[in-house]
Amino acid sequence: MTRATIELGDVTPHNLQQLKRLNQVVFPVSYNDKFYKDILEAGELAKLAYYNDIVVGAVCCRIDILDGSRRLYIMTLGCLAPYRKRGIGAKMLEHVLNFVEKDGDFHSIFLHVQVNNQSAIDFYKKFGFEIVETKEQYYKRIEPADAHVLMKLLRPQRNLSEPEK
């Protein structure tokens, strides 16, 4: 039996429709045209996951700045159900972790997960993410509407009153 190959590829205008379709199947929320327009500009922060040359997953991130600190927000990271537990999600998340490590100037990585999505919560905890907050009524038109905020701290927040060393 040949070993399966998992590869990540860029999101381009030519495969954007595949990303849209994948997100429709994987996520209970829908994303607007601006989301997809921004994804085309995201470079390394948006990747399609291929399993033996078939698109089965995707990760899409953006950079947020809060109190002067850069944070990476994982907007979506998902994989088609039949392909889960095969290392595809891990490969996508490792790509994101490598990106922030190479950059070296991110305070944290964060994302929202529906409170009843225990498999996603467990997945992120394996990579050092922790639940730091629960936002009530975060989602519109889906139940439960509450979301956990999961965060992985990359470096401590510098106290602005302390001098730099």
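Residues numbered from 1 in each chain as written. Predicted model: local features only at pLDDT ≥ 70, side-chain atom pairs only at ≥ 80, totals over all residues. Heavy atoms only, no water.

- Going by an unreviewed UniProt entry, the protein chain carries the name N-terminal methionine N(alpha)-acetyltransferase NatE and comes from Daphnia galeata.
- The annotation that UniProt attaches to the protein chain under Subcellular location (unreviewed entry) is "Cytoplasm". (UniProt positions renumbered as here; feature names shortened; annotations may be inferred.)

### Here's the deal with unusual backbone geometry
Part 1 of the reasoning: Each neighbour pair has its own omega, and for E143 with P144 the value is -10°, a cis peptide bond.
Part 2 of the reasoning: Inspection of the secondary structure puts P144 in the loop between β6 (130-135) and β7 (147-153).
Part 3 of the reasoning: The backbone of Q137 shows a phi angle near 55°, a positive value even though the residue is not glycine.
Part 4 of the reasoning: Relative to the assigned elements, Q137 resides in the loop between β6 and β7.
Part 5 of the reasoning: What makes Q137 exposed here is its relative accessible area of 56%. (Helix = DSSP H or I, 4+ residues; strand = E, 2+ residues; numbered from the N terminus. Buried < 20%, exposed > 50% of the residue type's maximum accessible area, 1.4 Å probe, protein only.)

### Considerations on the nonpolar core
Part 1 of the reasoning: Core analysis: the largest hydrophobic core is formed by 50 residues, its most contacted members being L19, I74, L93, Y124 and F129.
Part 2 of the reasoning: A total of seven residues in this core trace back to one element, the largest contributor, which is helix α3 (residues 88-103).
Part 3 of the reasoning: The residues touching L93, leaving out its near neighbours within four places in the chain, are I74, L77, F123, Y124, F127 and F129. (Core = buried A, V, L, I, M, F, W, Y, C linked by side-chain atoms within 4.5 Å. Contact = heavy atoms within 4.5 Å.)

### Some remarks on the sheet that holds strand β1 (residues 6-10)
Part 1 of the reasoning: The strand order across the open sheet formed by seven strands is β1-β2-β3-β4-β5-β7-β6, and the pairing between neighbours is mixed. The two strands at the open ends of the sheet, each matched to only one other strand, are β1 and β6. Ignoring strand direction, the axes of neighbouring strands in this sheet form an average angle of 30°.
Part 2 of the reasoning: In the sheet, β6 pairs with β7 via five bridges, with the strands oriented antiparallel. Within β7, the position partnered with K135 by the bridge is A147. (Pairing = 2+ DSSP bridges. Axes fitted to C-alpha atoms, helices over the stretch in contact; angles between N-to-C directions.)

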